[in-house]
Amino acid sequence: MPGQQSEDAIPVLSRLDLLGNHTAAIESLLTHYSKTFDNSEPAFVARAPGRVNLIGEHIDYCGYSVLPMAIDRHILIAVGYPSNARSNQNERSSSTLRICHIDSSDRPAATVTVEADGVAVDKENLAWHQYVLCGFRGVQDYLLKGGGFPQLDINLMVTGDIPSSSGLSSSSALVVCSALVAMRAYTGSLSLLDRRGMASLCATAERYIGTEGGGMDQAISLCARPGQAMWINFKSGLETRPVNLPPGYSWVVAHCGQVLNKAATDQFNQRVAECRLAARLLSKNTDSANMRLVDAQDALGVTQPGAAADLAAQRLRAEPPYSLAEVAAELSVESSALSAICLTSEAAKRLAGFQLHQRALHVFNEAQRVLDFRDACGRAGSGDNDENLAARLGELMNASHQSCSELYNCSCPELDRLCQICRDVGGALGSRLTGAGWGGCCVSLVPDSGVEKFLSSVRDAFAGPTGLVGGRPFLAFASSPSTGAYLLELN
């Protein structure tokens, strides 16, 4: 039970441990499972939360630290086995996954059936269940290193309340939840990997879908602690440290009405490639296969990312954009060799010019903002004026959004407008996009006493008298740091 498990272990709960507002959602899920899969009972349920990133956008894949928190919205998967799933395993030639999800009308959608042995992820088919397959393939690849996994027919019933393609990590939560399911189904427990080990596995697994992300989303989904944000550092492996947030303030998420699936578009992987090129040009390093901007900072001989930003501003020109041939010539390497290392996605290869100055400045300065944000949070409740600390956090959030919009070009007009309304009309101390951007949500820092007024005034100003954005009700909610992923044993 939770009290008997180490802090690094992924929590495994019993029904007696299940408290709070997850109970109703899980009971509804179990009912749907039974109705869909021949009145059978599931064996266990996995849960993985979404997240909101308070600060540190597009820098995890550059080796820098970020500062997210889990939200109390999640993916849930109920798991069971057909009656013959564990019988005659030696006589069977294949096994299947039957995957069903509960749609927006609270009814089970059509069941997808796929071969379970050696799961294949189809990058060209970005249906939601491909993220389930990412989690399964990640676990299968891991288990194959140690002898393999059993053939099992497995039934999955999936539900969730994280808005998709909105910057709240619904896809990563689905990968994490599916990986927990696969590990428990194939090995009978979650003891082979701790939270950070599973987070690293899931970060690798999600790349099967084609997105060259870092590891923030998977790490916070697994490593989150209730009531605290998490500082997550990627420079050397995966380091996590809980962060206390200032009391008396809420984190309010609001949706701009635009959505973007980062796996289905070019922008995300193009930014990854530009950061790789900038790191090599600044460090003059062509030997390392994994040169990141955090490594370039070390090569520049400075201890603070803000100082690296000053050097990058001097050494990288703003306009015109660099060509691949130009970067290769400065590094005295062949363009083809540089492309093979840095432009590993088709999206990156389609770029004609690379804005290395802008991307490097954003990453270095954003990394500095994360450290400043963390250090300010560390002073909360220590005698400093919490109002002044909150104001400082708001300033850092506002600067972060401006950088995302103007240097990293990962915002959109709707997000820019929403953030401005959150500040000017809602009275937020700070407001910034959260997640990959190009649509989705912003997060705002609001005094507890002003949350209700904030929600109503921002809705009126952004959505107008209809309360609709893009034909849907304006979505906004306050969230506090939630617990991380867990497994619920039902028997």
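Residues numbered from 1 in each chain as written. Predicted model: local features only at pLDDT ≥ 70, side-chain atom pairs only at ≥ 80, totals over all residues. Heavy atoms only, no water.

**Let's talk about the sheet that holds strand S14 (residues 476-479)**
Spatially, four strands are ordered S10-S11-S9-S14 in an open sheet, and the strand pairing comes out antiparallel. Looking at strand neighbours, the two that pair on one side only are strand S10 (430-434) and S14, the edges of this open sheet. Taken over all neighbouring pairs, the strand axes of this sheet differ in orientation by 25° on average, direction set aside. Taken together, the four bridges between strand S9 (residues 249-255) and S14 define a ladder with antiparallel strand orientation. Bridged to Val252 within S14 is Ala478. Along the sheet face, helix H15 (residues 451-463) touches S9, strand S11 (441-447) and S14 and points at about 20° away from the line of S9. (Pairing = 2+ DSSP bridges. Helix = DSSP H or I, 4+ residues; strand = E, 2+ residues; numbered from the N terminus. Axes fitted to C-alpha atoms, helices over the stretch in contact; angles between N-to-C directions. Contact = heavy atoms within 4.5 Å.)

**Points about the UniProt feature "domain: GHMP kinase N-terminal" (unreviewed entry) in the protein chain**
In the numbering used here, UniProt assigns the "domain: GHMP kinase N-terminal" (unreviewed entry) feature to residues 146-223. The distance separating the terminal C-alpha atoms of residues 146-223 is 25 Å; by composition the span is 49% helix and 9% strand. (UniProt positions renumbered as here; feature names shortened; annotations may be inferred.)

**Quick look at helix H2 (residues 129-144)**
With 16 residues, H2 ought to run about 22 Å at 1.5 Å a step, and its terminal C-alpha atoms sit 22 Å apart, in line with that. With respect to burial, H2 is a largely interior element, twelve of its 16 residues being buried. Restricting attention to buried positions, one finds in H2 the residues His129, Gln130, Tyr131, Val132, Leu133, Cys134, Gly135, Phe136, Gly138, Val139, Gln140 and Leu143. Structurally, H2 contributes buried residues whose contacts are with strand S4 (96-101), strand S5 (112-115), strand S6 (154-160), helix H3 (170-187) and helix H4 (195-206). (Expected span 1.5 Å × (residues − 1). Buried < 20%, exposed > 50% of the residue type's maximum accessible area, 1.4 Å probe, protein only.)

**Concerning the packing of helix H14 (residues 413-424) against H15**
Close contact between H14 and H15 brings their axes to 10 Å; oriented N to C, the two are set at 135°. When the axes of H14 and H15 are compared, the pair comes out oblique. The crossing of H14 and H15 is right-handed. Touching Glu414, Arg417, Leu418, Ile421 and Cys422 of H14 are Phe454, Val458, Ala461 and Phe462, all from H15. Of the residues that constitute the contact of H14 with H15, the class distribution is seven nonpolar, no polar and two charged. (Parallel < 35°, antiparallel > 145°, perpendicular 65-115°, else oblique. Left-handed = near helix turned anticlockwise from the far one by under 90°. Nonpolar A, V, L, I, M, F, W, Y, C, P; charged D, E, K, R; others polar.)

**Description of the sheet that holds S6**
In space, the seven strands of this open sheet follow the order S1-S15-S2-S3-S6-S4-S5, with mixed pairing throughout. What marks the edges here is a single partner per strand, and that holds for strand S1 (12-13) and S5. Alignment of S1 against strand S15 (residues 486-489), held across two bridges, turns out to be parallel. Note on S15: the bridge partner recorded for Val12 is Leu487. Packed onto the sheet, helix H1 (residues 23-36) meets strand S2 (44-55), strand S3 (67-80), S4, S6 and S15 and runs at close to 30° relative to S3.

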